[in-house]
Amino acid sequence: MVLDVSFMKETFGTLWTGVPVTLSLTFLSLFLAAPVAFYGAVLRLRGARWGSGIVRWYVSFVRGTPIILQILLLYSHLHERIQHARQQAVEQEDLQDNRRPTHE
């Protein structure tokens, strides 16, 4: 087995093109997650019964399930929910269009 240095250089250059996308996704997720985490911590510290319970359940779920299961749940159910919401929006729009009087 021979080490192919030219392939390594080419691949390394290709990998570097993905760094901006990776960093932008990282900062976007931090930007979105930081406020949620902050308010979750405040709810836990204040000891509000309902808020603390929700935060405890969320932390227990995230820590207690394998990441692959979380990804499976997120991608399979999120897609279904989005499709369902779109379908309801289309149906609602159709209902509103049918109720509007036509001025002809």
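Residues numbered from 1 in each chain as written. Predicted model: local features only at pLDDT ≥ 70, side-chain atom pairs only at ≥ 80, totals over all residues. Heavy atoms only, no water.

## Some remarks on the overall build of the protein
1) Next: Of regular secondary structure, the protein possesses four helices and zero strands.
2) Next: For the protein, whose C-alpha radius of gyration is 24 Å, the value lies well above the compact-globule estimate of 13 Å for 104 residues.
3) Next: Along the first, second and third principal axes, the C-alpha set of the protein runs to 75 × 55 × 25 Å.
4) Next: Going through the 104 residues of the protein one by one, you find that 5% of them count as buried.
5) Next: Split by element, the accessible area of the protein, about 10,000 Å² in all, is 67% carbon and sulfur.
6) Next: Averaging the locations of the 10 positively and 8 negatively charged side chains of the protein gives two centres separated by 23 Å. (Helix = DSSP H or I, 4+ residues; strand = E, 2+ residues; numbered from the N terminus. Rg over C-alpha atoms; globule rule 2.2 N^0.38 Å. Buried < 20%, exposed > 50% of the residue type's maximum accessible area, 1.4 Å probe, protein only. Areas by Shrake-Rupley, 256 points an atom, 1.4 Å probe, with all protein chains shown as cover. Lys, Arg positive; Asp, Glu negative; His and termini not counted. Charge placed at Lys NZ, Arg CZ, Asp CG, Glu CD.)

## With respect to the packing of aromatic side chains
1) Next: Using the criterion set out here, one finds three aromatic pairs in the structure.
2) Next: With centroids separated by 5.8 Å and ring planes inclined at 80 degrees, the aromatic side chains of F12 and W16 adopt a geometry described as edge-to-face. Separated by four residues within a single helix, F12 and W16 lie in helix α1 (residues 5-16), roughly one turn from each other. (Phe/Tyr/Trp six-rings, centres within 6.5 Å; stacked < 30°, edge-to-face > 60°.)

## So, the side chain of Q70
1) Next: On the secondary structure map, Q70 appears in helix α4 (residues 67-99).
2) Next: Under the relative-accessibility criterion, Q70 is labelled buried at 17%.
3) Next: In contact with Q70, other than residues within four places in its own chain, are F61, V62 and T65. (Contact = heavy atoms within 4.5 Å.)

## Considerations on helix α2 (residues 19-46)
1) Next: Here α2 contains 28 residues, and its C-alpha end-to-end distance of 40 Å stays within 8% of the 40 Å for a straight helix at 1.5 Å per residue.
2) Next: Where α2 bends most, at A33, the angle is about 30 degrees, and the proline P35 comes one to four residues later.
3) Next: Backbone geometry just after α2 places G47 at a positive phi near 80 degrees. (Expected span 1.5 Å × (residues − 1). Bend = angle between axes of the 7 residues up to and from the residue.)

## Let's talk about the confidence of the model for the protein
Caution is warranted with low-pLDDT regions, since their predicted coordinates should not be read in detail.
1) Next: Summarising the model, the protein shows a mean pLDDT of 88, and 94% of its residues fall at 70 or more.
2) Next: Between the elements of the protein, mean pLDDT differs from a low of 85, seen in α4, to a high of 93, seen in α2. (pLDDT = per-residue confidence, 0-100.)

## Concerning the packing of α2 against helix α3 (residues 49-64)
A pair of packed helices can be characterised by two numbers: the angle between their axes and the separation between those axes.
1) Next: With their axes 8 Å apart at the nearest point, α2 and α3 run at an angle of 125 degrees to one another. By the criterion of interaxial angle, the relationship of α2 to α3 is oblique. The hand of the α2/α3 crossing is left-handed. Of α3, the residues touching α2 (which contributes G40, L43 and R44) are G51, S52, V55 and R56.
2) Next: For the contact of α2 with α3, the per-class residue count stands at two nonpolar, three polar and two charged. (Axes fitted to C-alpha atoms, helices over the stretch in contact; angles between N-to-C directions. Parallel < 35°, antiparallel > 145°, perpendicular 65-115°, else oblique. Left-handed = near helix turned anticlockwise from the far one by under 90°. Nonpolar A, V, L, I, M, F, W, Y, C, P; charged D, E, K, R; others polar.)

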